[in-house]
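A look at the structure
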Amino acid sequence: MPLIEPLAFSSVTLVRYNLQPSEFHSQLSWLASGKSVNSRCTMRLRIFEQTFPPVEKPSPTPFPQSWERKTPEELEHIRVSALSAQRNHMVAAIGALVHVTHVIYYPRETEAYDIVLVALAQLPSLEHLSLSFCSDFDDKPLPLASFSNLRIIELFNLRVLPSVVAAIRGMLLGSSTTLESLTIVPNEWNANSYWMPLGIDTKMIQVVGLEKFLARDAVPSAEPEKKPTASFLSKLIRGPRKKVTEPFIAVPGPPQYPKLKELTINSNRVSMSSAVVPHLPGPRPSQVNRIKAMETWTIPFWKALTREKESHWCAFKVHPPTKSFIQYLQSYSGLKTLYLHDPEDGEVIPAKGEADRILTVVLPRQHG
C-alpha cells in the first residue's frame with residue numbers, strides 16, 4: 001500500500017457543497033484532522049467553481065429546482081450547514097496539505113475567497129498557482145500579496161481593475177526571484193460586447209500595460225511589504241506553515257525577474273511597450289523564453305527588444321507575426337523555436353509579406 005498511496009492520492013478535488021453535502025462535511029473534517037493519507041501524499045489541490053457556499057443567502061437560488069429537486073428551504077439548510085463545516089474545518093483542511101505544490105482555484109466573490117486565498121498562501125511547498133476568477137468580482141482588494149516564492153503563476157478571466165492590478169503586483173514582487181512562468185489572461189469584456197452587463201464601470205474595459213503588473217508601487221517603501229492576513233488563521237493552522245522568504249525591500253530601478261522563462265499574454269486587455277523590457281531577464285544559454293500573444297503587440301516593445309543587444313530570446317509563440325516582431329528576429333541569431341499559430345485556435349497563416357521575410361531573411365540568419 002505505501003507504494004500505491006502516492007499515486008492514488010497525489011491529487012485531491014474538494015467536494016462541491018451543494019452536490020454532495022454530507023461528503024463535503026466529511027472531506028473537510030477528515031483533511032483537517034491531519035490524519036488523512038492526503039496529508040502525506042497530495043501534491044495537487046483543485047477547488048472548482050461553487051465548491052464553497054455563498055456567504056450571503058443567494059437570490060434567486062443558484063441551482064435549478066427542477067434539477068436539484070429540492071425546495072428553497074432545503075437548499076438554504078444545505079448552505080447554512082456547509083458554512084458551519086467551512087468555518088470549523090476549511091482553513092485547517094487546506095493547511096494540512098503540506099506537500100501540495102500545485103493549486104487550481106476558481107474564486108467567487110460570493111464566497112469566503114479571501115480566507116481561502118490566505119490559507120492557500122500558507123502552504124509551505126506551493127510552487128504553481130492557477131486562479132480562474134469568476135466574472136462577479138468587483139473592484140476590491142485581493143490578498144494575493146500573501147503568496148511568495150512561486151515558480152508558476154496563471155491568472156485567468158481577471159478584471160483589469162486598479163485593486164486587481166495592485167494585488168497581482170504584490171504577488172509578483174513576492175515571487176520576483178523565483179518566478180519562471182507567468183500567464184495573464186483577463187476577461188474580454190469590451191465596449192462592443194453584446195453580452196456586457198448594463199451599467200458596467202468603464203474601468204473594466206481599459207487596457208493596462210504589462211509593466212503595471214511587474215513594477216512596484218509608485219511610492220516605494222524601505223520597509224518590508226506587509227501582507228494581509230486573517231486574524232484567526234494562526235489559530236486554525238497548526239504549526240508554522242508559512243514559507244520562509246526574504247522580505248522584499250525596495251531598491252532603485254525596476255524589479256527584475258531573473259528566472260522568468262515563459263510569458264503568456266493572451267488578451268487585448270494587456271498591452272506591451274518598451275517599459276516592459278527592463279523587467280525581463282537577460283539571456284541564459286539554457287533558457288527558453290516563450291511569448292504568446294493573441295493580439296498585435298505594440299511596436300515600441302519589439303523595437304526596444306531590438307535595441308537591447310543582450311536580450312536574445314530563443315523561443316516564441318506569437319500571433320500575429322507583425323513587421324516589428326520580424327525586425328527583432330532579424331537583429332540577432334540563436335532562435336530555436338518559433339510558433340506562428342495557437343494550437344487552441346488552429347493554424348494562422350501569416351500575411352504574404354511577413355511569411356516571405358521569415359522564410360528568406362529570418363530563418364537563414366538563425367540557422368545559417
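Residues numbered from 1 in each chain as written. Predicted model: local features only at pLDDT ≥ 70, side-chain atom pairs only at ≥ 80, totals over all residues. Heavy atoms only, no water.

This next bit is on the pattern of salt bridges. The tally for this structure, following the rule as stated, stands at four salt bridges. Across the pair arginine 79 and glutamate 76 runs a salt bridge whose closest N-O atoms are separated by 2.8 Å. Note that arginine 79 and glutamate 76 are positioned in helix H5 (residues 72–95) at a spacing of three residues, about one turn of the helix. Look at the salt bridges and you will find they share partners, linking Glu127, Arg151 and Glu180 into a network. (Salt bridge = Lys/Arg side-chain N within 4 Å of Asp/Glu carboxyl O. Helix = DSSP H or I, 4+ residues; strand = E, 2+ residues; numbered from the N terminus.)

Within this structure, the stated rule accounts for seven aromatic pairs. An angle of 75 degrees between the planes, with centres 5.6 Å apart, marks the rings of phenylalanine 48 and tyrosine 106 as edge-to-face. Here phenylalanine 48, found in the loop between strand S2 (44–47) and helix H4 (65–68), pairs with tyrosine 106, found in the loop between strand S3 (102–105) and helix H6 (113–121); they are 58 residues apart in sequence, far enough to count as distant. We classify phenylalanine 48 as partly exposed; its relative accessible area is 34%. Grouping aromatic residues by their ring pairs yields a cluster made of Phe301, Trp302, Phe325, Tyr328 and Tyr332. (Phe/Tyr/Trp six-rings, centres within 6.5 Å; stacked < 30°, edge-to-face > 60°. Buried < 20%, exposed > 50% of the residue type's maximum accessible area, 1.4 Å probe, protein only.)

Confidence in the prediction for the chain averages 76 pLDDT; 69% of positions are at 70 or higher. Within the chain, S3 carries the highest mean pLDDT (97), whereas helix H9 (residues 233–236) carries the lowest (38). Low confidence marks residues 190–200, where pLDDT is under 50. Its contacts with residues over four positions away, or in another chain, come to nine contacts. Below pLDDT 50 for its whole length, residues 244–250 participates in 13 contacts with residues either more than four positions away or in separate chains. (pLDDT = per-residue confidence, 0-100. Contact = heavy atoms within 4.5 Å.)

Another point: the environment of alanine 92. Positionally, alanine 92 belongs in helix H5. The sequence separation of alanine 92 and leucine 31 amounts to 61 residues, and the corresponding C-alpha distance is 7.7 Å.

Quick look at the packing of H5 against H6 now. For any two helices packed against each other, one specifies the inter-axial angle together with the distance between the axes. For the pair H5 and H6, interaxial distance at closest approach is 8 Å and the crossing angle is 25 degrees. As far as their axial angle goes, H6 and H5 are roughly parallel. Once H5 is placed against H6, the crossing between them reads as right-handed. Two secondary-structure elements touch here, H5 through Met90, Val91 and Ile94 and H6 through Ile115, Val116, Ala119 and Leu120. When the residues that make up the contact of H5 with H6 are grouped by side-chain class, the tally is seven nonpolar, no polar and no charged. (Axes fitted to C-alpha atoms, helices over the stretch in contact; angles between N-to-C directions. Parallel < 35°, antiparallel > 145°, perpendicular 65-115°, else oblique. Left-handed = near helix turned anticlockwise from the far one by under 90°. Nonpolar A, V, L, I, M, F, W, Y, C, P; charged D, E, K, R; others polar.)

With that settled, the discussion passes to helix H7 (residues 162–174). Under the 1.5 Å per step criterion, the end-to-end length of H7 is 19 Å for 13 residues, consistent within 8% with the ideal 18 Å. Burial analysis of H7 places eleven of its 13 residues in the buried class, which makes it a mostly covered element. All of the buried residues in H7 are Ser163, Val164, Val165, Ala167, Ile168, Arg169, Gly170, Met171, Leu172, Leu173 and Gly174. If you follow the buried residues of H7, they end up packed against strand S4 (128–132), strand S5 (152–158), strand S6 (181–186), strand S7 (208–209) and helix H8 (210–214). (Expected span 1.5 Å × (residues − 1).)

Positive phi, close to 65 degrees, is recorded for glutamine 50, a residue that is not glycine. Along the chain, glutamine 50 falls in the loop between S2 and H4. Since its relative accessible area comes to 22%, glutamine 50 is described here as partly exposed.

To continue, consider the packing of helix H2 (residues 21–32) against H5. Two numbers describe how H2 lies on H5: the axes approach to 8 Å, and their chain directions differ by 20 degrees. In terms of axis orientation, H2 runs roughly parallel to H5. In this structure, H2 crosses over H5, and the sense of that crossing is left-handed. Residues Pro21, Phe24, His25, Leu28, Ser29, Leu31 and Ala32 of H2 form the contact with H5, whose participating residues are Ile78, Ser81, Ala82, Ala85, Gln86, His89, Met90, Ala92 and Ala93. When grouped by side-chain class, the residues that make up the contact of H2 with H5 number eleven nonpolar, five polar and no charged.

It is worth spelling out the side chain of glutamine 86 at this point. Along the polypeptide, glutamine 86 turns up in helix H5. Taking the relative accessible area as the measure of exposure, glutamine 86 reaches 7% and is therefore buried. Apart from the residues lying within four places of it in its own chain, the contact partners of glutamine 86 are Leu28, Phe52, Pro53 and Ala112.

Considering the arrangement of structural elements, one finds histidine 279 in the loop between strand S9 (270–271) and strand S10 (290–293). For histidine 279, a relative accessible area of 4% puts it in the buried group. A polar contact is formed between the side chain of histidine 279 and the backbone oxygen of proline 255, at a distance of 2.9 Å. When residues no more than four places from it in sequence are discounted, the contact partners of histidine 279 are Glu211, Leu214, Ala215, Pro254, Pro255, Gln256 and Tyr257. (Polar contact = N/O pair within 3.5 Å; in protein donor to acceptor, adjacent residues only side chain to side chain.)

Note that leucine 340 resides in the loop between strand S12 (337–339) and helix H12 (352–367). With relative accessibility at 17%, the residue leucine 340 sits in the buried group. Expressed as a C-alpha distance, the spacing of leucine 340 and lysine 317, which sit 23 residues apart in the sequence, is 6.2 Å.

Right, let's talk about the pairing of S6 for a bit. Counting buried positions along S6 yields six of six residues, so the element is predominantly enclosed. Across the two faces of S6 the burial is the same, with Ser181, Thr183 and Val185 and Leu182, Ile184 and Pro186 all buried. Here S5 pairs with S6 via six bridges, running parallel. For phenylalanine 156, the partnering residue across the bridge sits in S6 and is valine 185. (Pairing = 2+ DSSP bridges.)

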